[in-house]
Amino acid sequence: MKIKKSLLIFFFVFLFSVSFFYAKGAVLENIRYFTYKDYTRVVLDLSSPVTYTSKELKEKNRVRFFFDLKNTVLSEKLKKENRIEFKGSYIREIRVGQFRKDIARVVLEFKEAKDKRYFTLLHPFRIVIDIYGKNAKVSVVKTNKKLKNDKKETQFKTGTPEISGEKKYSMARQLGLTVKRIVIDPGHGGKDPGTIGRYYKTKEKVVVLDIAKRLKYYLKRYTKLEVYMTRDKDIFIPLEQRTAYANSKRADLFISIHANSAANRRAYGLSTFWLNFTTDPHSIRIAASENASSQRSIWELKSLLKKITLTSKLIESKIFATKVQYSTLYYIRKYYRYPDYRVRKAPFYVLIGASMPAILVETGFLSNKTNELLLRSSRFRNRLAFGLYKGIISYINSLR
Ligand SMILES: [Zn+2]
């Protein structure tokens, strides 16, 4: 009965959104791309949500992906530069044109493509297209039929992409995979300061970069891991580019480092997030602020996440988050009192599209006086980084 009801609601929401999308035209504002040796991410920036169809044409030495965006016109900028060429790369070119009066067409041409993935992000509306080359390492979870079916069943029953991590043994574990490369992502940067401290105006972007650098130091000093950072200075990087970078490096783990704030001045402590849909108001609020979007749009992410859960390493991410959370708390608590704000799930844009276990650590609350003072202390940040390092090691050891 419950299922029927939710299906019905879904159907009406679907109808509503379709008619809404058709009601007014959209502009394809810009095309951004991040291309690497075996991996390319293309982002289509649109002025409002659109429906689109995609098709694939394979010929010898040539693969083309067509995207027809309905009720869409090209921006003046794209009308002028309707072709981007890539010489000597596995991606050949991106073309854009007004296919029909009301249909804009984007064509991506590759020499070869092993796998592809599309998804949309909201506010502003973006279509993200990931194409993997022949030699790219693509998520193993996809090929695991049993796991895939398990997840489908879970989704159908509950209506949300809920996963009980403990019950199912993930593919990474079955294959005894090892971790070689890790990408550390210090949140925000450049024009985006992140959260600002309530009492001392501490900038999140500064604090998290320092913690990330210390974490990198420990990993380099005590392990043989290859460690990469999405930024090592005060520069702005779009959210989509951060996971694209991790995918391009073929990273085995992704850890995004942040600090948050709350209306409740007493809130303080550590929480670690993994990607999933949530109904917890606290998590929704944090995700909205990290995504630089409205809380409503978090609800709209629900159907996207249903698709994502089939291809992302969510079970591993949850285990990774748990290891990092409790190890970090353990090492901090040797010297400081620090509350456990728990392991939580939320739809963070920066984690969407990552093909490796990926987590986001909220190191503390800049809205609490004590917590802000702690995050301003280099000794505390060092302790925190040491705890994160120990957590990563403890996760890697659990894979063996
Ligand atoms: Zn942040």
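To be clear, the structure that these remarks concern was listed above.
Just so you know, these numbers come straight off a predicted model, no measurement behind them.

Peer 1: What is the right way to look at the environment of I182 in this model?
Peer 2: One can find I182 in strand β11 (residues 181-186). The exposure class assigned to I182 is buried, which follows from its relative accessible area of 0%. Separated by 45 residues in the primary sequence, I182 and V227 have C-alpha atoms spaced 5.1 Å apart.

Peer 1: Can you help me understand the packing of aromatic side chains in this one?
Peer 2: The geometry of an aromatic ring pair comes down to the distance between the two centres and the angle between the two planes. On inspection of all chains with the given rule, the structure shows 21 aromatic pairs. When the centroid spacing of 5.1 Å and the interplanar angle of 40 degrees are considered together, the rings of Y39 and Y132 count as tilted. Taken as a pair, Y39 in strand β2 (residues 39-46) and Y132 in strand β10 (residues 126-132) lie far apart in primary sequence, 93 residues in all. Of the two residues, Y39 and Y132, neither departs from the other in class, the shared state being buried. Ring centres of F273 and F348 lie 5.1 Å apart, and the angle between their planes is 85 degrees; this geometry places the pair in the edge-to-face category. Here the residue F273 occupies a position in strand β14 (residues 270-275), and F348 occupies one in the loop between β15 (340-346) and β16 (358-365), the gap between them amounting to 75 residues. As far as burial versus exposure is concerned, F273 and F348 are alike and both buried. For K55, the ring lying beneath its charged end belongs to F66, and the centroid distance is 5.3 Å.

Peer 1: I would appreciate a short explanation of the coordination of the zinc ion in the present structure.
Peer 2: Note on metal geometry: ideal angles are 109.5 degrees for four donors arranged tetrahedrally and 90 or 180 degrees for six donors arranged octahedrally. The zinc ion binds to the protein through H188 (NE2), E204 (OE), H258 (ND1), E290 (OE) and E290 (OE), with metal-donor distances spanning 2.0 to 2.4 Å. Binding-site remark: the zinc ion is held by donors from one chain whose sequence spacing is H-x15-E-x53-H-x31-E. With H188 in the loop between β11 and α5 (204-222) and H258 in strand β13 (residues 253-260), this pair connects stretches of sequence that are 70 residues apart. For the pair H188 and H258, one class covers both residues: buried.

Peer 1: Teacher, can you tell me more about the environment of L253 here?
Peer 2: For L253, the location among the structural elements is in strand β13. Looking at L253, the relative accessible area reads 0%, which means it is buried. Residues L253 and E316, 63 residues apart in the sequence, show an inter-C-alpha distance of 9.9 Å. Filtering out sequence-adjacent residues up to four positions away, L253 remains in contact with V179, R181, I182, V183, F320, M356, P357, I392, Y395 and I396.

Peer 1: Before we go on, may I ask you to explain the side chain of E204 in this structure?
Peer 2: Assignment of secondary structure puts E204 in helix α5. One buried charged residue, E204, forms no salt bridge at all, with the nearest opposite charge on R231 at 7.9 Å. Those residues within four positions of E204 in sequence are excluded, and the remaining contacts are H188, P193, G194, T195, H258, A259, E290 and L366.

Peer 1: Just to check I follow, could you spell out the packing of α5 against helix α12 (residues 378-399) for this structure?
Peer 2: Axis angle and axis distance: for two packed helices, these are the angle between their axes and the distance between the axes, and together they describe the pair. Packing of α5 against α12 brings their axes to within 8 Å, and their N-to-C directions diverge by 50 degrees. In terms of axis orientation, α5 runs oblique to α12. Taken as a pair, α5 and α12 cross one another with a handedness that is right-handed. Residue-level contacts link V207, D210, I211, R214, L215, Y218, L219 and Y222 of α5 to S378, R381, N382, L384, A385, F386, L388, Y389 and I392 of α12. Partitioned by chemical class, the residues of the contact of α5 with α12 number 12 nonpolar, 2 polar and 3 charged.

Peer 1: I keep staring at the sheet that holds strand β1 (residues 26-35) and nothing clicks. Help me out?
Peer 2: Within a sheet, adjacent strands bond to each other through the backbone by hydrogen bonds, running parallel or antiparallel. Read from one edge to the other, the open sheet built from 5 strands follows the order β5-β1-β2-β10-β9, with strand pairing classed as mixed. Single-partner strands in this sheet number two, and they are β5 (72-74) and β9 (115-121). Put simply, the sheet's adjacent strands are angled 30 degrees from each other on average, direction ignored. For β1 and β2, the ladder comprises 7 bridges, and the chain directions are antiparallel. Pairing of I31 across the sheet is with L44, part of β2. Each of β1, β2, β9 and β10 touches helix α6 (residues 239-248); the most contacted strand, β2, lies at about 165 degrees to it.

Peer 1: I tried to follow a nonpolar patch on the surface on my own but got confused; where do I start?
Peer 2: A grouping of Y199, Y200 and L373 is seen on the molecular surface, where their side chains present a nonpolar patch of about 260 Å² in accessible area. Within the fold, Y199 resides in the loop between β11 and α5.

Peer 1: Honestly, the sheet that holds strand β4 (residues 62-70) in this entry has me stumped. Any pointers?
Peer 2: Spatially, the 5 strands line up as an open sheet ordered β3-β4-β8-β7-β6, and their pairing is antiparallel. In this open sheet, the two edge strands, each paired with only one partner strand, are β3 (52-59) and β6 (83-85). Between one strand axis and the next, the sheet turns by 15 degrees as a mean value, whatever way the strands run. Two elements, β4 and strand β8 (residues 103-110), share 8 bridges in a ladder whose sense is antiparallel. From the neighbouring strand, V63 faces β8, where its bridge partner is F110.

Peer 1: Explain the environment of F99 to me, please; I cannot follow it from the model alone.
Peer 2: Residue position: F99 is located in strand β7 (residues 91-100). In the structure, F99 is positioned 31 residues away from D68 in sequence and 8.1 Å away in space, judged by C-alpha atoms. Non-local contacts of F99, meaning those with residues more than four positions away in its chain, are made with D68, A104 and R105.

The rules behind each value
Residues numbered from 1 in each chain as written. Predicted model: local features only at pLDDT ≥ 70, side-chain atom pairs only at ≥ 80, totals over all residues. Heavy atoms only, no water. Helix = DSSP H or I, 4+ residues; strand = E, 2+ residues; numbered from the N terminus. Buried < 20%, exposed > 50% of the residue type's maximum accessible area, 1.4 Å probe, protein only. Phe/Tyr/Trp six-rings, centres within 6.5 Å; stacked < 30°, edge-to-face > 60°. Lys NZ or Arg CZ within 6 Å of the ring centre and 35° of its normal. Donors = N, O, S within 2.8 Å, 3.2 Å for Na, K, Ca; no water. Contact = heavy atoms within 4.5 Å. Lys, Arg positive; Asp, Glu negative; His and termini not counted. Salt bridge = Lys/Arg side-chain N within 4 Å of Asp/Glu carboxyl O. Axes fitted to C-alpha atoms, helices over the stretch in contact; angles between N-to-C directions. Parallel < 35°, antiparallel > 145°, perpendicular 65-115°, else oblique. Left-handed = near helix turned anticlockwise from the far one by under 90°. Nonpolar A, V, L, I, M, F, W, Y, C, P; charged D, E, K, R; others polar. Pairing = 2+ DSSP bridges. Patch = residues over 30% accessible without salt bridge, like charges linked within 9 Å, V, L, I, M, F, W, Y side chains within 5 Å. Areas by Shrake-Rupley, 256 points an atom, 1.4 Å probe, with all protein chains shown as cover.

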